[in-house]
Structures are given as structure tokens and as C-alpha cells.
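Residues per chain are reported as follows:
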Amino acid sequence: MKVVISVGGSVLARELNPEKFKSYASMLKELSKKNAVFVVTGGGRAARDYINVARELGADEATCDILGIKITRINARLLIAALGESAYHEPPLDYEQAKKASLSGRIVVMGGVVPGQTTDAVSAVLAEYIGADLLINATSTDGVYTSDPKKNKDARKFETMTPAQLIEVVMKTEMVAGANSPVDLLAAKIIERSNIKTIVLNGDSPQTILDAVYGKHAGTVIEKN
Ligand code: UTP
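What you see is a predicted model, and the numbers here were worked out from it, not measured in a lab.

Draft legend 1. Focus on the overall build of the chain. On a plain count of helices and strands, the chain comes out with 9 helices and 7 strands. Seen through its principal axes, the chain has C-alpha atoms that stretch 45 × 45 × 30 Å. For the chain, with 225 residues in total, the buried portion stands at 48%. Put simply, 68% of the contacts in the chain that link residues at least 6 apart link residues at least 24 apart. Total accessible area on the chain is roughly 11,200 Å²; 53% of this is exposed by carbon and sulfur atoms.

Written out as C-alpha cells, the structure reads:
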């Protein structure tokens with residue numbers, strides 16, 4: 001099976017802890033014994049810090065995004081370091097490079113690609129481009145909710161949902177300033193157009209991801225009926 005895993009910076013690099021990278025690396029090595037594995041790393045707090053300072057200094061949004069992309073690639077390099085020989089030696093800069101890198105038979109780890117989006121969208125396009133069987137979005141919430149569970153006590157979690165429902169939820173959340181959307185709108189659109197089976201789950205424990213690939217998880221599954 002071909003699997004793309006998007007690991008939010010909030011999960012992998014909330015604060016920089018080598019143990020977190022090590023535990024992710026050992027899960028990914030296990031997973032790669034029987035599957036082709038691609039990982040997209042987010043930027044986490046460091047990306048947010050750099051972006052906020054750049055903004056304060058008057059940088060335009062595209063410049064802020066470029067800083068964010070660089071941090072996601074630095075996180076990718078940390079994960080590659082933890083994976084050693086099991087990983088392709090550097091983060092591909094685009095999807096074509098990622099596909100080529102996978103010919104090495106190693107785990108491919110990349111960060112962001114272009115301004116104007118987040119690594120959610122990168123992982124969805126990558127899943128589309130390499131023909132992934134499964135996209136896992138490992139975030140700090142445990143699935144997709146009817147509304148932001150941090151702000152609304154009545155929010156209910158979807159066990160399963162269609163890509164069209166995902167778009168509806170994301171649009172509703174994204175329209176609120178500072179909202180914490182489970183995936184970004186572009187990612188939701190790509191998931192819909194290619195009907196990529198996607199699982200959104202809490203990635204704090206890497207074992208959750210391994211279990212999810214083999215069908216056991218408590219997250220939200222997104223696929224057409
Ligand atoms: P993230 O994907 O980490 O964004 O990329 P995020 O919203 O902070 O997600 P979490 O919290 O990690 O889950 C960090 C930043 O890098 C830029 C954006 O500015 C994004 O907010 N970026 C990332 C891009 O501009 N393009 C990309 O392809 C990826």
C-alpha cells in the first residue's frame with residue numbers, strides 16, 4: 001500500500017524534542033516494511049514564531065509563507081536524521097522530486113512547496129500525484145468535528161464523512177478569523193476531486209498511525225459513500 005502521512009507541526013515539533021522524532025521514526029520504519037511511505041512535516045511553533053516576527057517587521061504574506069516553508073523543511077530534515085538510512089537523504093522540493101525520490105525504495109520526507117497554502121494541501125496533492133491508497137492527517141485534534149470543539153461544547157465528531165461534507169465544515173470554520181480548521185480548504189478540495197481515502201486523527205502517539213493503516217483508529221474517515 002502507498003501511504004502519505006501529514007504530521008502537523010503541532011504534533012511533531014510543538015517544542016523540539018528528539019524523543020518525539022525518534023518515536024515517529026521507529027513507527028515509520030515499521031510501517032515501511034510493508035508499505036511505500038511518504039511523510040509531509042508541518043512547521044509547528046517555530047514557523048508561527050518566525051512568521052509573527054516577520055509580519056511585525058512589515059514582511060508581506062508571501063515572504064511569511066516562504067519562511068514557514070523553510071521551517072517545515074527543517075522539520076523534515078530532523079525526521080530524516082532520525083530515520084537514517086531508511087529515509088531518502090533530503091526533503092524533495094516538489095512533487096516530481098518526491099516521486100523520483102521514492103524510486104530509492106526509502107521513506108520520502110518533505111515539507112512545504114509553494115506560498116499560499118499549508119502542508120495539508122501538500123500532502124493531499126502528493127497523495128493524488130503518487131496514487132496513494134491512504135492519506136493520514138495526524139493533527140492535535142482527534143478527528144473532524146461539526147464545529148471547532150475548542151470553541152463549541154456541542155461540537156460532534158464525525159466517524160465517517162464524505163469529501164463534500166468535509167468542504168462544508170472547513171468553509172464554515174475557515175470563515176472565522178483565527179479558526180483552527182482540521183485541514184485547509186485546498187486540501188479538502190483535492191481530497192474531493194480525487195476521492196483520496198483520508199483519515200484525520202490525533203497524532204500525539206505515533207502508534208495511532210500504525211494502527212490506523214491497519215484499520216484501527218478513533219479518528220474520522222473521509223471517503224465517498
Ligand atoms: P504548516 O502546514 O505547518 O501550517 O505550515 P500550520 O497551519 O501552521 O499547521 P500546523 O499547526 O503545523 O498543523 C507552516 C506555514 O508554512 C507556510 C504557511 O505560511 C504555513 O502557515 N507554507 C507551508 C506555505 O506557504 N506553503 C506550503 O506548501 C506549506
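Draft legend 2. Focus on the layout of surface pockets. Approximately 1,300 Å³ is the volume found for the largest pocket. Contributing to the lining of the largest pocket are 50 residues, with Arg 48, Thr 118, Thr 119, Asp 120 and Asn 180 lying nearest its centre. Residue assignment for the lining of the largest pocket shows that the elements contributing at least two residues are helix 1 (9–12), helix 3 (44–56), helix 4 (61–83), helix 6 (119–130), strand 4 (134–139), helix 7 (163–174) and helix 8 (185–194). The residue makeup of the lining of the largest pocket, split by class, is 17 nonpolar, 24 polar and 9 charged. What lines the second largest pocket is a set of 13 residues, and nearest its centre among them are Ala 36, Val 37, Phe 38, Ser 102 and Arg 106.

Draft legend 3. Broad picture of the site of the ligand. Close to the ligand lie 21 residues, the nearest being Gly 9, Gly 43, Asp 65, Val 114 and Thr 119. In this structure, Gly 9 approaches the ligand through a main-chain N or O atom, which is 2.9 Å from an oxygen atom. The cavity where the ligand resides is the largest pocket. Secondary-structure elements contributing two or more residues to the shell around the ligand are helix 1, helix 3, helix 4 and helix 6. Considered class by class, the residues forming the shell around the ligand number 6 nonpolar, 13 polar and 2 charged.

Draft legend 4. Spatial organisation of the pairing of strand 1 (residues 2–7). With respect to burial, strand 1 is a largely interior element, 5 of its 6 residues being buried. One ladder, built from 5 bridges, connects strand 1 with strand 4; its direction is parallel. Of the residues in strand 4, the one forming a bridge with Val 4 is Leu 135.

Draft legend 5. Highlighting helix 4. Over its 23 residues, helix 4 runs 33 Å from end to end, which matches the ideal 33 Å to within 8%, given 1.5 Å per residue. When helix 4 is considered as a whole, its buried residues turn out to be Cys 64, Gly 68, Ile 69, Ile 71, Thr 72, Arg 73, Asn 75, Ala 76, Leu 79, Ile 80 and Leu 83. Its buried side turned inward, helix 4 meets helix 1, helix 2 (18–32), strand 2 (36–41), helix 3, strand 3 (108–110) and helix 6. Sitting at the head of helix 4, Asp 60 places a side-chain oxygen 3.1 Å from the backbone nitrogen of Ala 62. Phi for Gly 84, located one or two positions after helix 4, is positive at around 55 degrees.

Draft legend 6. Looking closely at helix 8. For helix 8, the complete set of buried residues consists of Ala 187, Ala 188, Ile 190 and Ile 191. Buried residues of helix 8, seen end-on, are gathered within an arc of 165 degrees and therefore sit on one face of the element. Positioned one or two residues after helix 8, Asn 195 has a phi angle of 45 degrees, which is positive.

Draft legend 7. A nonpolar patch on the surface, seen in detail. A cluster of nonpolar side chains, contributed by Leu 16, Ile 74 and Leu 78, occupies part of the molecular surface with about 290 Å² of accessible area. Take Leu 16: it is sitting in the loop between helix 1 and helix 2. When its relative accessible area of 62% is taken as the criterion, Leu 16 is described as exposed.

Draft legend 8. Just the environment of Ile 80, in detail. Within the element layout of this structure, Ile 80 appears in helix 4. Accessibility expressed as a relative area gives 8% for Ile 80, which makes it buried. Each C-alpha atom, one on Ile 80 and one on Ala 25, is 8.3 Å from the other, the two residues being 55 residues apart in sequence. Among residues more than four places away in sequence, those in contact with Ile 80 are Ala 87, Tyr 88, His 89, Glu 90, Pro 91 and Val 109.

Draft legend 9. How the structure looks around the pattern of salt bridges. Scanning the model with the defined rule gives 8 salt bridges in all. Residues Asp 204 and Arg 14 are paired through a salt bridge, measuring 3.5 Å at the closest nitrogen-oxygen approach. You can see Asp 204 sitting in the loop between strand 6 (198–202) and helix 9 (207–213) and its partner Arg 14 sitting in the loop between helix 1 and helix 2, a full 190 residues away along the chain. For Asp 204, a relative accessible area of 32% gives the class partly exposed. For Arg 14, a relative accessible area of 39% corresponds to the partly exposed category. Asp 142 is paired through a salt bridge with Lys 157; the nearest N and O atoms lie 3.4 Å apart. With Asp 142 in the loop between strand 4 and strand 5 (160–161) and Lys 157 in the loop between strand 4 and strand 5, the pair connects residues that are 15 residues apart, well separated along the chain. The exposure class of Asp 142 is partly exposed, given its relative accessible area of 30%. Residue Lys 157 is classed as partly exposed on the basis of its relative accessible area of 31%.

Conventions and cut-offs
- Residues numbered from 1 in each chain as written.
- Predicted model: local features only at pLDDT ≥ 70, side-chain atom pairs only at ≥ 80, totals over all residues.
- Heavy atoms only, no water.
- Helix = DSSP H or I, 4+ residues; strand = E, 2+ residues; numbered from the N terminus.
- Buried < 20%, exposed > 50% of the residue type's maximum accessible area, 1.4 Å probe, protein only.
- Contact = heavy atoms within 4.5 Å.
- Areas by Shrake-Rupley, 256 points an atom, 1.4 Å probe, with all protein chains shown as cover.
- 1 Å grid on protein atoms, 1.4 Å probe; cavity = no way out; pocket = protein on both sides within 12 Å on 5 of 7 lines; lining within 4 Å.
- Points joined across faces, edges and corners; volume = space filled by probe spheres on them.
- Nonpolar A, V, L, I, M, F, W, Y, C, P; charged D, E, K, R; others polar.
- Near = heavy atom within 4 Å.
- Polar contact = N/O pair within 3.5 Å; in protein donor to acceptor, adjacent residues only side chain to side chain.
- Sits in = over half its atoms within 2 Å of the grid points.
- Pairing = 2+ DSSP bridges.
- Expected span 1.5 Å × (residues − 1).
- Arc of directions from axis to C-beta.
- Patch = residues over 30% accessible without salt bridge, like charges linked within 9 Å, V, L, I, M, F, W, Y side chains within 5 Å.
- Salt bridge = Lys/Arg side-chain N within 4 Å of Asp/Glu carboxyl O.

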